[in-house]
Amino acid sequence: MKPLSLLIEILIILGVTIKTIKAEKHNKREKERNVTTQVSANEIKQYLSHILEQRTSSNVINKRENLLEKKKNQRKIRIKGIQNKDILRNKNHLQKQAEKNFTDEGDQLFKMGIKVLQQSKSQKQKEEAYLLFAKAADMGNLKAMEKMADALLFGNFGMQNITAAIQLYESLAKEGSCKAQNALGFLSSYGIGMEYNQAKALIYYTFGSAGGSMMSQMILGYRYLSGINVLQNCEVALSYYKKVADHIADTFEKSEGVPVEKVRLTERPENLSSNSEILDWDIYQYYKFLAERGDVQIQVSLGQLHLIGRKGLDQDYHKALHYFLKAAKAGSANAMAFIGKMYLEGNAAAPQNNATAFKYFSTAASKGNAIGLHGLGLLYFYGKGVPVNYAEALKYFQKAAEKGWPDAQFQLGFMYYSGSGIWKDYKLAFKYFYLASQSGQPLAIYYLAEMYATGTGVVRSCRTAVELYKGVCELGHWAEKFLTAYFAYKDGDIDSSLVQYALLAEMGYEVAQSNSAFILESKKANILEKEKMYPMALLLWNRAAIQGNAFARVKIGDYHYYGYGTKKDYQTAATHYSIAADKHHNAQAMFNLAYMYEHGLGIAKDIHLARRLYDMAAQTSPDAYIPVFFALMKLETMHFLRDILFFNFTMRWNWLKPDNTVGPHWDLFVIGLIVAGLILLLRNHRG
């Protein structure tokens, strides 16, 4: 693959020969607008290759064209004089107009690609979108180039090429792309395709953040929070996280966000294959069968999954409405409330209709349904289809909140926080925000962060505010990579999976940190040198452990115990096992620590404490019972062999010592025995 500067060159060539290109494009326009279903990943690859080749040759051709143009202009001015200036101006004007048309067409193709991608429900449709991006990139559209660079980095459609991605990112960075700056910072921080350089990564992230990259801002927030290659500074971390959290909260206020399932690869293989976070296709088909047979609970569940696109299923409003209507006919209050919600928000299957929403919410609320009560509260609060009535809204929110509905608890908190129709009461606002946050309500978490950050109604706490803002930031659209990374891992595309998890890990996601470390530890990836994998895995395990992952803490102990990615250090291993055992009550850590006490590895030998820790491991986890049984059998057997079969000479010698056995006056006792013995002998001799 040739250097990436190729992408600028063809644009110059096209600019110079614009009339020819214009004619060609006129003939092809209809084909470009009607993208057929014959689109394939191979076509995208061909476009990418073409773009990269253009990028490489463009710099050289650009310079040559500039020199030739200068010489021609000078000759013409000398020969023809001032009259030719008008001709040159007209020519330049035509060229600029043609280039503008060319750029506009690239913008249109990019917008078409975005539209297709947003509406895509299959892999083929996504490929269609990326073919449009490739064509737009071919016309010099920078946003399309960013999309194609991402495709090369993350291995979309099996076309991962990190070297080519880096070339594109470097070229885009020169054009001021903050996304490219962020990507280069990420690659530098891991040494993927580039030199491992944390200082350079920090510079890239700083430029990316200044350009508006929320990913860079989130990464910098995490680095300042944890003190990664910078001095730990809570206030700086707060400022970065707040910028991102403000944006996320704004999107949540406009529409409900889609929660993303975060699968842990560290789970047992049998659990991973049937993970509760992702719905297997066979199970989905079985649920569909039950739903069609009239199982109301399954109908509502499938409707909810399709409504927001959870458990690995695509968002499909038509399917959601289909299942909700079936359940509603059977009398399900939840289904009625969700239908009301769909009509309130409006979508392709249920166009926005306040009257219809009110009807369904009222029916559900009359059955005491919390979602229906909350829906009526929203209608009165915002005045949708009914006059604004804060008193009515408050009444319905309170009823729904009493039933434990987190969205209603948040709305109550917001009314007290903002003083909407009632007196401001920060204590009550905090109470309801806290209740809603316990169920993961994102806006409640955001407003709690706001209260802690400003000291409103609570004692100001920078650390608490940052942790809450961080939780909100992790609900951003970038979290969708958890699903694509997981499916790539399941499909055996380890490199693609690792790159996606590693980016999320850099952003501070604990699950991604442990997943990245797990993949690196397996040494199945090819994007890093083998000798770098254990040290990088240790670094990621450590970051996950700091965020409270007990499994990661045990892993750090293992790495120090066996010398993976670091020197063998039994004392440090024992320290980490102790933390995992004491703080997280981890059975594996207890078992490992017991073994070290049994053999005196890095700590003083203590058989009694070893026995106690083995017993605690068995009590903590049923899975530890059999290993503990054999460990104790071995310990007792060895102890028996030492003390009985091979004798404990020290103990026997101690028993033979007169001072220990008889006392300090043992000599008098022995003399008495000798005298008594002599008397008996004399008596027997006389007899």
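Numbering of residues starts from 1 in every chain and runs along the sequence as written. It should be noted that, the model being predicted, local features are given only for residues of pLDDT at least 70 and side-chain atom pairs only at 80 or more, the latter also being counted only at that level, while totals for whole chains, interfaces and linings use all residues. Calculation of side-chain values draws on the structure's entire complement of heavy atoms; hydrogens and water are dropped beforehand.

Considering helix H14 (residues 296–308)
Turn by turn, an α-helix covers 3.6 residues, leaving residues three or four places apart pointing in a common direction.
Next up, step 1: Taking 1.5 Å per residue as the helical rise, H14 with its 13 residues ought to reach 18 Å, and the 19 Å between its terminal C-alpha atoms agrees with that figure.
Next up, step 2: For every residue, the accessible area obtained with a 1.4 Å probe (protein chains only) is divided by the maximum for its type, and the residue is called buried under 20%, exposed over 50%, and partly exposed between those limits. Under the DSSP-based scheme used, a helix requires at least four consecutive residues in state H or I and a strand at least two consecutive residues in state E, with every element numbered from the N terminus. Taken together, the buried positions of H14 are occupied by Ile298, Gln299, Val300, Leu302, Gly303, Leu305, His306, Leu307 and Ile308.
Next up, step 3: In protein, a polar contact requires one atom able to donate a hydrogen and another able to accept it; more generally it is a pair of N or O atoms within 3.5 Å, and residues adjacent in sequence count only if both atoms are side-chain atoms. For H14, the side-chain oxygen to backbone nitrogen distance between the N-cap and glutamine 297 is 3.2 Å, and the N-cap itself is aspartate 295.
Next up, step 4: Remark: glycine 309 follows H14 within two positions and exhibits a positive phi of approximately 75 degrees. The length a helix should cover is 1.5 Å for every residue beyond the first.

Quick notes on the pattern of salt bridges
Next up, step 1: Salt-bridge detection follows one rule: a side-chain nitrogen of Lys or Arg within 4 Å of a carboxyl oxygen of Asp or Glu. A full pass over the atoms with the stated rule returns 13 salt bridges.
Next up, step 2: We note a salt bridge from arginine 463 to glutamate 467, for which the minimum N-O separation is 3.3 Å. One end of the pair is arginine 463 and the other is glutamate 467, both in helix H23 (residues 462–473) and four residues apart, which spans about a single turn.
Next up, step 3: Glutamate 467 sits in the partly exposed class, given a relative accessible area of 36%.
Next up, step 4: Ionic pairing is found between arginine 543 and glutamate 506, a salt bridge with its closest N-O pair at 3.7 Å. Of this pair, arginine 543 sits in helix H27 (residues 530–546) while glutamate 506 is found in helix H25 (residues 494–506), placing the two residues 37 residues apart along the sequence. The exposure classification of arginine 543 matches that of glutamate 506, with both residues buried.
Next up, step 5: Where salt bridges share partners, they join Arg223, Glu506 and Arg543 into one cluster.

Remarks on the confidence of the model for the protein chain
Segments scoring low in pLDDT should not have their predicted coordinates read at a detailed level.
Next up, step 1: In predicted models, pLDDT denotes the confidence assigned by the predictor to each residue on a 0 to 100 scale. Chain-level statistics for the protein chain give a pLDDT mean of 81 and a share of 75% at 70 or above.
Next up, step 2: We call two residues contacting when some pair of their heavy atoms lies within 4.5 Å. With pLDDT under 50 throughout, residues 57–61 is counted as low confidence; its partners more than four residues away or in other chains account for 14 contacts.
Next up, step 3: Confidence drops under pLDDT 50 across residues 270–275; counting only partners more than four residues distant or on other chains, this segment forms eleven contacts.

Remarks on the packing of helix H20 (residues 406–418) against helix H22 (residues 442–454)
Next up, step 1: Lines fitted to C-alpha atoms define the axes here, with helix axes fitted over just the stretch in contact, and angles between the N-to-C directions of these axes take values from 0 to 180 degrees. Orientation of H20 relative to H22, taken along the N-to-C sense of each, is 30 degrees, at an axis distance of 10 Å. As for the relative orientation of H20 and H22, their crossing is left-handed in sense. Residues Phe410, Phe414 and Tyr417 of H20 form the contact with H22, whose participating residues are Leu443, Ala444, Tyr447, Glu450 and Met451.
Next up, step 2: Under this grouping Gly is polar, as are all residues other than the nonpolar Ala, Val, Leu, Ile, Met, Phe, Trp, Tyr, Cys and Pro and the charged Asp, Glu, Lys and Arg. Split by residue class, the contact of H20 with H22 holds seven nonpolar, no polar and one charged. Handedness of a helix crossing follows the sense of rotation of the near helix relative to the far helix, less than a right angle counterclockwise being left-handed and clockwise being right-handed.

Re H25
Next up, step 1: Over its 13 residues, H25 runs 18 Å from end to end, which matches the ideal 18 Å to within 8%, given 1.5 Å per residue.
Next up, step 2: Burial analysis of H25 places 13 of its 13 residues in the buried class, the great majority of the element.
Next up, step 3: Once H25 finishes, glycine 508 follows within two positions and takes phi at roughly 105 degrees, a positive value.

Some words on a nonpolar patch on the surface
Next up, step 1: Patches here: salt-bridge-free residues with over 30% relative accessible area, like charges joined within 9 Å, nonpolar side chains (Val, Leu, Ile, Met, Phe, Trp, Tyr) joined within 5 Å. Residue burial considers only the protein chains on display, and all accessible areas are found by Shrake-Rupley using a 1.4 Å probe. Residues Tyr625, Ile626, Phe629, Phe630 and Met633 make up a contiguous nonpolar surface patch of roughly 580 Å² in combined accessible area.
Next up, step 2: Following the sequence through the fold, isoleucine 626 ends up in helix H32 (residues 625–645).
Next up, step 3: Judged by its relative accessible area of 53%, isoleucine 626 falls in the exposed class.

A short note on the side chain of arginine 553
Next up, step 1: Relative to the helices and strands, arginine 553 is located in helix H28 (residues 550–562).
Next up, step 2: In this structure, arginine 553 is buried with no salt-bridge partner, the nearest side chain bearing the opposite charge being aspartate 582 at 11 Å.
Next up, step 3: In this structure, arginine 553 is in contact with Ala545, Ile546, His576, Ile579 and Ala580, ignoring residues within four places of it in sequence. We treat Lys and Arg as the positive residues and Asp and Glu as the negative residues; His and chain ends play no part in the count.

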